[in-house]
Amino acid sequence: MSDEEEFTAMFRRHYPRVLAFVSRRTDQARAHDVVADTFATAWRHFGRLPGEPLPWLYRVARNSLANEERAARRRLRLTERIAGGGVPPAPDHAVSVVADAGLREALGRLSRPDREALLLIGWEGLSHDAAAHLLGCTAVAFKVRVHRARRRLARLLEAADRDQDQAPPAPRPYELHSAASPRGKSA
């Protein structure tokens with residue numbers, strides 16, 4: 001089989017998973033550009049790809065996204081300096097796919113490395129070894145990171161449960177209206 005045929009087979013096998021990986025981290029239009037760049041890089045390094053290239057492809061895609069995010073932050077800082085005002089940051093779309101609002105909120109409160117470690121094994125389904133390779137660390141270091149991230153997430157979820165139990169009951173709509181109107185306030 002020629003290199004082109006092998007690359008085409010690898011592309012067909014891994015394209016959907018790489019696109020899903022990137023799509024959970026950015027918008028669709030940008031995702032397709034990042035995936036195209038990822039496979040262009042894979043073609044340039046095709047002779048040096050590992051036997052199972054999926055973690056390598058994830059790493060290239062992740063690095064491409066990180067490079068784009070750094071460039072976007074630089075553009076944002078330049079725009080703010082020129083305009084003299086603040087521009088709101090773009091929302092993180094990676095976490096928005098999580099169905100449970102409490103879990104989504106807790107994941108959002110985790111640091112980016114903790115959140116990424118948990119999503120790589122929980123959402124992407126990577127093994128600890130593959131995720132460690134993707135992040136450029138040892139499997140032992142990654143396992144420690146995941147363990148600590150799980151503890152932090154559990155604490156955030158427990159705190160949210162406690163806060164929910166202690167929260168006062170939600171005001172009724174007419175109470176909100178009377179509190180906001182000048183006639184509803186007593187002097």
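In short, a report on the structure.

Definitions and limits used
Residues numbered from 1 in each chain as written. Predicted model: local features only at pLDDT ≥ 70, side-chain atom pairs only at ≥ 80, totals over all residues. Heavy atoms only, no water. Helix = DSSP H or I, 4+ residues; strand = E, 2+ residues; numbered from the N terminus. Buried < 20%, exposed > 50% of the residue type's maximum accessible area, 1.4 Å probe, protein only. Contact = heavy atoms within 4.5 Å. Salt bridge = Lys/Arg side-chain N within 4 Å of Asp/Glu carboxyl O.

## Focus on the environment of Ala-106
Relative to the helices and strands, Ala-106 is located in helix α4 (residues 101-109). On the basis of relative accessible area, Ala-106 is assigned to the buried category, the value being 5%. In this structure, the C-alpha to C-alpha distance between Ala-106 and Ala-160, residues 54 residues apart in sequence, is 8.1 Å. Residue contacts for Ala-106: discarding those within four places in its chain leaves Leu-153, Leu-156 and Leu-157.

## A few points about the pattern of salt bridges
Following the criterion strictly, the structure yields 6 salt bridges and no others. Salt-bridge contacts for Arg-25 lead to Glu-124; the nearest nitrogen and oxygen are separated by 2.9 Å. Placement of the pair is Arg-25 in the loop between α1 (3-23) and α2 (28-44) and Glu-124 in the loop between α5 (112-122) and α6 (128-135), with a sequence separation of 99 residues. The burial state of Arg-25 is the same as that of Glu-124; both residues are buried. Its salt-bridge partner being Arg-30, residue Glu-68 comes within 2.4 Å of it at the nearest N-O pair. A residue pair is termed long-range when its members are at least 10 positions apart, and Glu-68 in helix α3 (residues 54-83) and Arg-30 in helix α2 qualify at 38 residues. The exposure class of Arg-30 is partly exposed, given its relative accessible area of 23%. Each member of the salt-bridge network shares a partner with another, and the members are Arg-24, Arg-25 and Glu-124.

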